[in-house]
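Remarks on the overall topology
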Amino acid sequence: MKLGIVGLPNVGKSTLFNSMTLGKAEAANYPFCTIDPNVGVVTVPDKRLNRLAEIYSSQRILPAVIEFVDIAGLVKGASKGEGLGNKFLSHIREVDAIVHVVRCFEDTNVVHVDGSIGPIRDIETINLELIFSDLEVLDRRISKTIKGARADKSLQKELEILNILKEALENGKCARAVEFDTPDDKAFVESLTLLTAKPVLYAANVIEDDLADDGANNPNVAAVRNFAVAEGSEVFVLCAKIEEEISELEEDEKTMFLADLGVATSGLDRLIRASYKLLGLISYLTAGPQETRAWTITQGTKAPGAAGKIHSDFERGFIRAEIVAYSDLDQLGSYSLAREKGLVRSEGKEYVVKDGDVILFRFNV
């Protein structure tokens, strides 16, 4: 999973990126201090892996990972190249989802490019630039499809979809807000790689005092939440400065620090959970003496497709999947005991993998 962190300059993007990845992105109090995207990889916390490694005496643990891309601050006119905008927009096109950092705090020491705090205005500024960029893509594609449709009538359906998208964008709607019924239509829209079609997770950046109640008394956070509900996006609240402070702490110190703030989990943990929910992702697990590992798949993936995450040969030569629920292994503490109690199942090609399935694939090529 690859997430792009975007936002106007000086909203806390690079501070958030550094805290999550322990990276070295430049975080300064002026626009465009991040010119090239900074990339960092973080592991997905999963306590199940430690327990499985204990049961199987695994030599190593390999958690799932998320790649974060810190994309330079966008500004009004980015779609026309303002602030090196076109370059930044191309970086967004490569990610699976967008983490849009929105400033929801007042601080006279941190300049705002528009001179005042206005989270919805800020969101709409960036959305508008993404819409302008997508309209250019659609105009080129429509022109090409019109020419092709003269000789190939099957392209009429594509042209219809392109025009529906264009009309929505011209009315200020993002492509992700336009619903299509059939899998083929959805696949075609996905193939266009439109910026406004990407799922968005809004990160409401607040001051420390707003963390304990999850921003409930912050009117700026409320505005972001209402906006997100209207377009079917997710929101989570964090304080980028606090995340930066706790990123250097050991795990037990971090837990104590968060408890003192009245917060149960870090912003990173909440971001990861929200990202999985947004993208409809789950994790299945494999375990043995060599390694215990988490594999990220889309919810609804059948057993052969899940096997293909490990290696294409596993999917091509799939025979069956031997599955035991993590909860059963955790309770019994032994694979052999789980088998004795009939809790290890043999599943075929139509089995839909569930979160927490511990799987051994049988295949032949």
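Residues numbered from 1 in each chain as written. Predicted model: local features only at pLDDT ≥ 70, side-chain atom pairs only at ≥ 80, totals over all residues. Heavy atoms only, no water.

Bringing the pattern of salt bridges into the picture now. Inspection of every chain in the model, using the stated rule, returns 22 salt bridges. Between arginine 121 and aspartate 122 there is a salt bridge, with its nearest N and O atoms 3.1 Å apart. Taking relative accessible area as the criterion, arginine 121 reaches 29% and is therefore assigned partly exposed. On the accessibility criterion, aspartate 122 (3% relative accessible area) is buried. Across the pair arginine 176 and glutamate 231 runs a salt bridge, and its minimum N-O distance is 3.4 Å. Residue arginine 176 is found in the loop between α5 (156-170) and α6 (183-191), and its partner glutamate 231 is found in helix α7 (residues 219-231); the two are separated by 55 residues along the sequence. (Salt bridge = Lys/Arg side-chain N within 4 Å of Asp/Glu carboxyl O. Buried < 20%, exposed > 50% of the residue type's maximum accessible area, 1.4 Å probe, protein only. Helix = DSSP H or I, 4+ residues; strand = E, 2+ residues; numbered from the N terminus.)

Turning our eyes to something else, we now look at the pairing of strand β10 (residues 318-325). In this sheet, strand β12 (residues 357-363) lies alongside β10 in antiparallel orientation, the contact comprising seven bridges. From the neighbouring strand, isoleucine 323 faces β12, where its bridge partner is isoleucine 359. When β10 meets strand β11 (residues 345-347), the two strands line up antiparallel, connected through three bridges. Following the sheet pairing, isoleucine 323 is matched in β11 by arginine 345. (Pairing = 2+ DSSP bridges.)

Before going further, it helps to spend a moment on the side chain of glutamate 243. Take glutamate 243: it is sitting in helix α8 (residues 240-246). Put simply, glutamate 243 is tucked away with no salt bridge, and the nearest opposite charge, on arginine 270, sits 4.4 Å away. Discounting chain neighbours no more than four positions away, the residues touching glutamate 243 are Ser19, Leu238, Ser266, Gly267, Leu268 and Arg270. (Lys, Arg positive; Asp, Glu negative; His and termini not counted. Contact = heavy atoms within 4.5 Å.)

Taken together, the six strands give an open sheet; going across it, the order is β2-β4-β1-β5-β6-β7, and neighbouring strands pair in mixed fashion. The sheet is open, and its two edges are formed by β2 (38-43) and β7 (234-238), each paired on a single side. Here the average twist between neighbouring strands, direction ignored, is 25°. When strand β1 (residues 2-6) meets strand β5 (residues 97-103), the two strands line up parallel, connected through four bridges. Across the sheet, residue glycine 4 finds its bridge partner in β5, namely isoleucine 98. Packed onto the sheet, helix α4 (residues 119-149) meets β5 and β6 (200-205) and runs at close to 145° relative to β5. (Axes fitted to C-alpha atoms, helices over the stretch in contact; angles between N-to-C directions.)

Looking now at the packing of aromatic side chains. Summed over the entire model, instances satisfying the criterion amount to six aromatic pairs. Measuring from centroid to centroid gives 6.4 Å for tyrosine 56 and tyrosine 335, while their planes differ by 50°, and the two rings are tilted. Here tyrosine 56 is found in helix α2 (residues 47-56), whereas its partner tyrosine 335 is found in helix α14 (residues 335-340), with 279 residues between them in sequence. Taking the centre distance of 6.4 Å and the plane angle of 15° together, the rings of tyrosine 284 and tryptophan 295 count as stacked. Taken as a pair, tyrosine 284 in strand β8 (residues 281-287) and tryptophan 295 in strand β9 (residues 291-298) lie far apart in primary sequence, eleven residues in all. Per residue, the accessibility class of tyrosine 284 equals that of tryptophan 295, and both read buried. Three or more aromatic residues joined by ring pairs make a cluster, and in this case those are Tyr284, Trp295, Phe318 and Phe361. (Phe/Tyr/Trp six-rings, centres within 6.5 Å; stacked < 30°, edge-to-face > 60°.)

The predicted model of the protein has a mean per-residue pLDDT of 85, with 88% of residues at 70 or higher. Note that residues 23-36 has pLDDT below 50 and, in this model, 38 contacts with residues that lie over four places away or in other chains. (pLDDT = per-residue confidence, 0-100.)

All right, on to the packing of α4 against α7 then. Close contact between α4 and α7 brings their axes to 9 Å; oriented N to C, the two are set at 40°. Here α4 lies oblique to α7, going by the angle between them. Residues Pro119, Ile120, Ile123, Glu124 and Asn127 of α4 lie in contact with α7, whose contacting residues are Asn220, Ala223, Val224, Phe227 and Glu231. (Parallel < 35°, antiparallel > 145°, perpendicular 65-115°, else oblique.)

With that settled, consider the packing of α4 against α5. Two elements in contact, α4 and α5, have axes whose closest approach is 9 Å; the angle formed by their N-to-C orientations is 155°. When the interaxial angle is binned, α4 and α5 end up roughly antiparallel. Of the two elements, α4 crosses α5, and the hand of that crossing is left-handed. Contacts from Ile131, Asp134, Leu135, Leu138, Asp139, Arg141, Ile142, Thr145, Ile146 and Ala149 of α4 reach α5 at Gln156, Glu158, Leu159, Leu162, Asn163, Leu165, Lys166, Leu169 and Glu170. Grouping the amino acids of the contact of α4 with α5 by side-chain chemistry returns ten nonpolar, three polar and six charged. (Left-handed = near helix turned anticlockwise from the far one by under 90°. Nonpolar A, V, L, I, M, F, W, Y, C, P; charged D, E, K, R; others polar.)

Our next topic: unusual backbone geometry. Positive phi is not limited to glycine here, since threonine 193 has a value of about 50°. Locating threonine 193 in the fold gives a position in the loop between α6 and β6. Residue class for threonine 193 comes out partly exposed when judged on its relative accessible area of 36%. Phi is positive for aspartate 214, which is not a glycine, with a value near 55°. Position of aspartate 214 among the secondary structure elements: in the loop between β6 and α7.

Core analysis: the largest hydrophobic core is formed by 66 residues, its most contacted members being Ile66, Phe68, Tyr202, Leu329 and Val358. Listed in part, the 18 residues of the second largest apolar core include Ile131, Phe188, Val189 and Leu194. (Core = buried A, V, L, I, M, F, W, Y, C linked by side-chain atoms within 4.5 Å.)

The next thing to look at is a negative patch on the surface. Together, Glu208, Asp209, Glu244, Glu245 and Glu248 make up a region of like negative charge exposed at the surface. With respect to the element layout, glutamate 245 can be found in helix α8. Judged by relative accessible area, glutamate 245 falls into the partly exposed class, the value being 43%. (Patch = residues over 30% accessible without salt bridge, like charges linked within 9 Å, V, L, I, M, F, W, Y side chains within 5 Å. Areas by Shrake-Rupley, 256 points an atom, 1.4 Å probe, with all protein chains shown as cover. Charge placed at Lys NZ, Arg CZ, Asp CG, Glu CD.)

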